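Below, each chain spelled out in residue letters.
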Amino acid sequence: MEMNIFRFLAKIKLFEQLSFQEMSLFMPYMHERDYRQNEVVFLRSDPSHALYLLRKGEVTLSLDMEEGFEQLAIVRAGTVLGESCLLKKSKRQLNAIVTSEGASFYVVPQFNLFTIFESHLRIKAKMLESLGELYNEYNGNLFKSYKSSLGFFDLSQLYEKSKR
């Protein structure tokens, strides 16, 4: 059973740099959680208090716009959600809603992540490096989308707000 979890974690960006021994530190804190179709995993602007590792099912990531939601992506098993919880006092950027018949997650509370980080700085460094790579990939995709849309939105807002 543990070997299956290690293999699962090794395929997830945030855990791929960790050894099985390092991954084992997360095992006591990984809670299995099942959701039904159309159930909300989290909403945009919620405090980011847990990391969600999608084991099976599909989840739609969306952004709330005016009177509805704009679907950004449908993610499947092996996807990490809520990675912003690796940063203190962060909030969710997107909505996550189960679109398949059901979905199963391993959920790791932020408090437990930070407990591991306090006593294992090497693990913290590896995971934050992976988070940086993930965010860099997201930025690359954002810039490609911007370029292909011929500047449909004002990208300068991205940098103006980050200066504050």
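Preceding block: the structure.
Residues numbered from 1 in each chain as written. Predicted model: local features only at pLDDT ≥ 70, side-chain atom pairs only at ≥ 80, totals over all residues. Heavy atoms only, no water.

Some thoughts on the packing of helix α3 (residues 110-119) against helix α4 (residues 121-148)
Right, so step 1: Remark: α3 packs on α4, axes separated minimally by 5 Å, with the N-to-C direction vectors making an angle of 120°. It follows from the interaxial angle that α3 and α4 lie oblique. Where α3 abuts α4, its residues Ile116, Phe117, Glu118 and Ser119 lie against Leu121, Ile123, Lys124 and Met127.
Right, so step 2: Here the contact of α3 with α4 is composed, by residue class, of 5 nonpolar, 1 polar and 2 charged. (Axes fitted to C-alpha atoms, helices over the stretch in contact; angles between N-to-C directions. Helix = DSSP H or I, 4+ residues; strand = E, 2+ residues; numbered from the N terminus. Parallel < 35°, antiparallel > 145°, perpendicular 65-115°, else oblique. Contact = heavy atoms within 4.5 Å. Nonpolar A, V, L, I, M, F, W, Y, C, P; charged D, E, K, R; others polar.)

Some thoughts on the sheet that holds strand β1 (residues 31-36)
Right, so step 1: If you walk across this open sheet you meet the 4 strands as β1-β8-β3-β6, and the pairing is antiparallel. For this open sheet the edge positions go to β1 and β6 (80-81), each flanked by a neighbour on one side alone.
Right, so step 2: The sheet contact formed by strand β3 (residues 50-56) and strand β8 (residues 102-109) spans 6 bridges and is antiparallel. Within β8, the position partnered with Leu53 by the bridge is Tyr106.
Right, so step 3: Contacts between helix α1 (residues 2-10) and the sheet are confined to β3 and β8, with β3 contributing the most and set at about 110° to the helix. (Pairing = 2+ DSSP bridges.)

Honestly, that's just the spatial picture; any functional story needs more than this.
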